[in-house]
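Single-letter residue listing:
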Amino acid sequence: MAELVFFTGTMDCGKSTLALQTDYNARQGGRVGRIFTSHDRAGNAVLSSRLGLTVEATEVRPGLDLLQMLVREMTAGARLDYLICDEAQFYTAAQIEQLARVVDDLGVDVYAFGILSDFRTKLFEGSARLIELADRVETLQVQALCWCGKRATHNARTIDGVMVTEGEQLVVGDTHTLAVGYEVLCRRHHRRRVTAKTAGAGSPDTLPFGQSA
Ligand SMILES: Nc1ncnc2c1ncn2[C@@H]1O[C@H](COP(=O)(O)OP(=O)(O)O)[C@@H](O)[C@H]1O
Ligand SMILES: Cc1cn([C@H]2C[C@H](O)[C@@H](COP(=O)(O)O)O2)c(=O)[nH]c1=O
């Protein structure tokens, strides 16, 4: 039976790497797949991992009907065993529903990868619908760590290393970058808005004993 699986975790925990590995292993096993992504940091219509690999992908724009497109292709004789869907948090709820139908009606496995929540801890539309519809939700084993050493569970947006809570939901960016960037934090430090930089600078929330906030 085909499955809809959602692999999730914070930014920088290895989701795109796993997406590439999943695709590679399936292809080595003789299966035929398609790769989709949306707003990858490396540009349009590519899936990139911080480990250095980049592959071509189909860009998922808001108006794209995934089910209709794949039905058309399969009716024309194309074989399809699985889909890799990276940055799935950016897909619309309707597109996630189409992916569920790709699984149920076309018998194609769908492996979706994405972060759950935005810099304000709110679920992305695509991720919310995936949690509601997926056969399985898998949290990645590789742990991204907060500056304090605890497991990072939240994504903070930063400007020059300082956490911000205002702005558009969608701002493509990377961790460890200056200007507008992202930093993964444990809940305690996300709630208190203590980033690596402000902890070092002695935020009002930190104790005066190094990094023990
Ligand atoms: N130079 C490196 N050496 C070893 N592993 C690295 C290196 N750079 C990145 N990584 C690994 O890649 C992971 C990020 O991979 P990526 O697939 O881009 O993450 P995600 O898609 O979840 O944002 C990091 O958690 C780390 O394990
Ligand atoms: C938290 C958050 C993230 N984003 C963007 C930033 C990156 O471009 C992607 C996540 O990519 P990754 O491969 O998981 O590192 O999402 C955003 O637009 N808004 C946010 O709130």
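Residues numbered from 1 in each chain as written. Chains lettered and ligands numbered in written order. Predicted model: local features only at pLDDT ≥ 70, side-chain atom pairs only at ≥ 80, totals over all residues. Heavy atoms only, no water.

**Overview of the site of ligand 1**
Stage number 1. In the vicinity of ligand 1, the contacting residues are M11, D12, C13, G14, K15, S16, T17, S49, R50 and L51.
Stage number 2. G14 has a polar backbone atom sitting 2.9 Å from an oxygen atom of ligand 1.
Stage number 3. A total of 580 Å² of accessible area belongs to ligand 1 in isolation, and the protein chains cover 63% of it.
Stage number 4. Its residues placed into classes, the shell around ligand 1 shows three nonpolar, four polar and three charged. (Near = heavy atom within 4 Å. Polar contact = N/O pair within 3.5 Å; in protein donor to acceptor, adjacent residues only side chain to side chain. Areas by Shrake-Rupley, 256 points an atom, 1.4 Å probe, with all protein chains shown as cover. Nonpolar A, V, L, I, M, F, W, Y, C, P; charged D, E, K, R; others polar.)

**Things to note about the domain arrangement of the protein chain**
Stage number 1. Along its sequence, the protein chain is organised into domain 1 (4-139) and domain 2 (145-201).
Stage number 2. On a C-alpha basis, the centroid separation for the pair domain 1 and domain 2 is 25 Å.
Stage number 3. Listed by partner, the interface residues are 18 residues for domain 1 and 22 residues for domain 2.
Stage number 4. Of the roughly 1600 Å² buried between domain 1 and domain 2, counting both surfaces, carbon and sulfur atoms make up 58%.
Stage number 5. Considering only the side of domain 1, the residues that lose the most area to domain 2 are T10, M11 and F119, jointly responsible for 43% of the buried surface there.
Stage number 6. Connecting domain 1 to domain 2 are two salt bridges.
Stage number 7. Between R50 and D174 there is a salt bridge, with the nearest N and O atoms lying 2.7 Å from each other.
Stage number 8. Scanning the region where domain 1 abuts domain 2 turns up seven residue pairs in polar contact (both at pLDDT 80 or more). (Domains from an automatic or database assignment. Contact = heavy atoms within 4.5 Å. Buried area = accessible area lost by both parts, 1.4 Å probe. Salt bridge = Lys/Arg side-chain N within 4 Å of Asp/Glu carboxyl O.)

**Examining the sheet that holds strand β2 (residues 33-37)**
Stage number 1. Here six strands make up an open sheet; going across it, the order is β5-β2-β6-β7-β1-β8 and the pairing parallel. The sheet terminates laterally at β5 (58-59) and β8 (136-139), the two strands that pair on one side only.
Stage number 2. By the bridge criterion, four bridges tie strand β6 (residues 82-85) to strand β7 (residues 109-114) in an arrangement that is parallel. If you follow C85 over to β7, its bridge partner there is A112.
Stage number 3. Contacts between helix α4 (residues 125-133) and the sheet are confined to β1 (4-8), β7 and β8, with β1 contributing the most and set at about 130 degrees to the helix. (Pairing = 2+ DSSP bridges. Helix = DSSP H or I, 4+ residues; strand = E, 2+ residues; numbered from the N terminus. Axes fitted to C-alpha atoms, helices over the stretch in contact; angles between N-to-C directions.)

**Brief notes about the packing of helix α3 (residues 93-106) against α4**
Stage number 1. Across the interface, α3 lies against α4 with an axial gap of 8 Å and an inter-helix angle of 35 degrees. The two elements α3 and α4 cross, and the hand of that crossing is right-handed. Contacts from A93, I96, E97 and A100 of α3 reach α4 at E125, G126, R129, L130 and L133. (Left-handed = near helix turned anticlockwise from the far one by under 90°.)

**Quick word on the pairing of strand β9 (residues 154-159)**
Stage number 1. Among the six residues in β9, five count as buried, and that is most of the element.
Stage number 2. In terms of strand pairing, β9 meets strand β11 (residues 180-185) through six bridges, oriented antiparallel. When the sheet's bridge partners are listed, T158 is paired in β11 with G181.
Stage number 3. When β9 meets strand β10 (residues 162-164), the two strands line up antiparallel, connected through three bridges. Residue I159 lies in a different strand from β10, and its bridge partner there is V162. (Buried < 20%, exposed > 50% of the residue type's maximum accessible area, 1.4 Å probe, protein only.)

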